Amino acid sequence: MTKNETIGLLDSGVGGLSVLAQFYKVMPNQNYAFFADTKNLPYGTKTRDEIYNFTKNILNFFLSKGIKTVVFACNTTSAVAYERLRDYFKDEIKIFPLIQTIIPYSIENLSDGDTIAILATKATINSHKYRDEIKKLNNKINVVEIDCTGFVEIVEQRLYDDEKSFNLIKEKIDIAKKNNAKKVVLGCTHYPYLIDIFKKIYDVEYFNPAKSLVDVVKEEIKGEISQNKETKNPKIDFYVSKDPDEFIKSAKPFFKVDIKDVHLV
Ligand code: DGL
């Protein structure tokens, strides 16, 4: 891997900012490039090939900017396209896929017979990636997979206060509750923004993979990416494929760092 100053992060929209925020907290002296593929949002209802192609385009874009360390701040892409893209870009880009990187941490504190619920997009649920990776580590843990189609739109369109949104969220979280899940995985990076609503319905431990992801990435890139302690104002470049203003509006309530320099590509 070539030494490189910038970490690229990608997602379909503002969800990935919940991951970027965690990176920024742990590695504030780093330069970041964040790509939100807002034109193709949501990813969760698209086919494997579509998601593969969207993500491949973003990786080629990052390469054109000289960015060779990329974090998939997106469960859906990690679930359905990571292995193909890893093989395609081989030595050119080091990719950190969200799900595959954090699985061991998701089942910490769980014992045989416990139930874990996975909240995720349709594509992630249909891939059974979480279930299969968890079962590889401990097949005595029960995994309940919940397709939460519609949650991404609630976040992107800022519909959190709608009654219709609450009813949809309740219907899904009630499945975790009915199954007595001891832990619930926020298996889509848009979902941490809805956690207060989730907790009102079922007050249990919600696992946000972003924290573990950052810890692993930090450890793995040690010595590869220089942590320039002198950089007081590290740069975060934002790229969107559609409607920068909408992106800024949807991101504002959640991403505390001032978002400027949003480039339309
Ligand atoms: N935030 C992404 C994820 O973690 C994608 C959501 C979507 O666009 O459907 O899965």
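Notes on the structure in this doc start here. (Residues numbered from 1 in each chain as written. Predicted model: local features only at pLDDT ≥ 70, side-chain atom pairs only at ≥ 80, totals over all residues. Heavy atoms only, no water.)

## Re the packing of aromatic side chains
Quick note on the threshold: Two aromatic rings from Phe, Tyr or Trp, using only the six-membered ring of Trp, form a pair when their centres are within 6.5 Å; if the ring planes differ by under 30 degrees the pair is stacked, by over 60 it is edge-to-face, and anything between is tilted. Put simply, DSSP H or I for four residues or longer makes a helix, DSSP E for two residues or longer makes a strand, and each gets a number counted from the N terminus. Buried means the residue's accessible area, taken with a 1.4 Å probe over protein chains only, is under 20% of the maximum for its type, while exposed means over 50%, and partly exposed covers the values in between. Both a distance and an angle decide whether a charge sits over a ring: NZ of Lys or CZ of Arg must be within 6 Å of the ring centre and within 35 degrees of the ring normal.
For the coordinates displayed, the defined rule picks out 15 aromatic pairs. Between F151 and F198, the aromatic rings sit 5.8 Å apart at their centres with planes inclined by 35°, giving tilted as the arrangement. With F151 in helix α7 (residues 151-156) and F198 in helix α9 (residues 195-201), this residue pair connects regions lying 47 residues apart in the sequence. Across the pair, exposure class does not vary: F151 and F198 are buried alike. Between R84 and the ring centre of Y52, over which it is positioned, the NZ or CZ distance is 3.7 Å.

## Section: the sheet that holds strand β3 (residues 69-72)
To keep things clear, this is the line we draw: Any two strands are treated as partners once DSSP identifies two or more bridges connecting them. Axes, fitted as lines to C-alpha atoms, cover a helix only where it is in contact. Angles between the N-to-C directions of the axes lie from 0 to 180 degrees. Residues count as neighbours in contact if any of their non-hydrogen atoms are within 4.5 Å of one another.
If you walk across this open sheet you meet the six strands as β4-β3-β1-β2-β9-β10, and the pairing is parallel. Strands with a single pairing partner mark the edges of an open sheet, and in this sheet they are β4 (94-97) and β10 (262-264). When the angles between neighbouring strand axes are averaged without regard to direction, this sheet yields 20°. Where strand β9 (residues 236-240) meets β10, three bridges bridge the pair, whose relative direction is parallel. Its bridge partner lying in β10, V240 is registered against L264. The sheet strands contacting helix α2 (residues 48-64) are β1 (6-11), β2 (31-36), β3, β4 and β9, and the helix crosses β1 at an angle near 160°.

## Topic: the site of the ligand
We apply this condition: If even one non-hydrogen atom of a residue comes within 4 Å of a molecule or strand, that residue is called near it. Polar contacts, as used here, are pairs of N or O atoms within 3.5 Å; protein pairs need one atom able to donate a hydrogen and one able to accept it. Residues neighboring in sequence count only if both atoms are side-chain atoms.
In the vicinity of the ligand there are 13 residues, among which S12, Y43, G44, N75 and T76 approach most closely. Between an oxygen atom of the ligand and a main-chain N or O atom of Y43, the distance comes to 2.7 Å.

## Examining α2
Put simply, the rule is: Multiplying 1.5 Å by the residue count of a helix minus one yields the expected span of that helix.
When the terminal C-alpha atoms of α2 are compared, their 24 Å separation across 17 residues agrees well with the 24 Å that a helix rising 1.5 Å per residue should span. If you check which residues of α2 are buried, you get I51, Y52, F54, T55, K56, I58, L59, F61 and F62.

## A closer look at the packing of helix α4 (residues 98-106) against helix α6 (residues 129-137)
Using the following cut-off: Angular relationships are summarised with four words: roughly parallel below 35 degrees, roughly antiparallel beyond 145, roughly perpendicular across 65 to 115, and oblique for the angles in between. Working rule for handedness: look at the near helix, and if it is turned counterclockwise from the far one by less than a right angle, call the crossing left-handed; if clockwise, right-handed. Here the term charged refers only to Asp, Glu, Lys and Arg, the term nonpolar to Ala, Val, Leu, Ile, Met, Phe, Trp, Tyr, Cys and Pro, and the term polar to all other amino acids, Gly among them.
Packing of α4 against α6 brings their axes to within 10 Å, and their N-to-C directions diverge by 45°. One finds that α4 runs oblique with respect to α6. For the pair α4 and α6, the sense of crossing is right-handed. Residues L98, I99, Q100, I102, I103, P104 and S106 of α4 pack against K129, Y130, E133, I134 and L137 of α6. For the contact of α4 with α6, the class distribution of residues is eight nonpolar, two polar and two charged.

## Quick notes on the pattern of salt bridges
Worth spelling out the cut-off: We define a salt bridge as a side-chain nitrogen of Lys or Arg found within 4 Å of a carboxyl oxygen belonging to Asp or Glu.
Under the criterion given, the structure shown has 15 salt bridges. Between R131 and D132 there is a salt bridge, and its shortest N-O distance comes to 3.0 Å. Across the salt bridge formed by D174 and K170, the nearest N and O atoms sit 2.7 Å from each other. Taken together, the residues span about one helical turn, with D174 and K170 both in helix α8 (residues 163-178) at a distance of four residues. The network of salt bridges with common partners includes E83, K129, E133 and K136.

## A closer look at the sheet that holds strand β5 (residues 115-120)
Pairing is parallel across the open sheet formed by four strands, whose spatial order is β6-β5-β7-β8. At either margin of the open sheet sits one strand with a lone partner, and together these are β6 (142-147) and β8 (205-207). Sheet twist, expressed as the mean angle between neighbouring strand axes with direction ignored, is 25°. Here β5 pairs with β6 via six bridges, running parallel.

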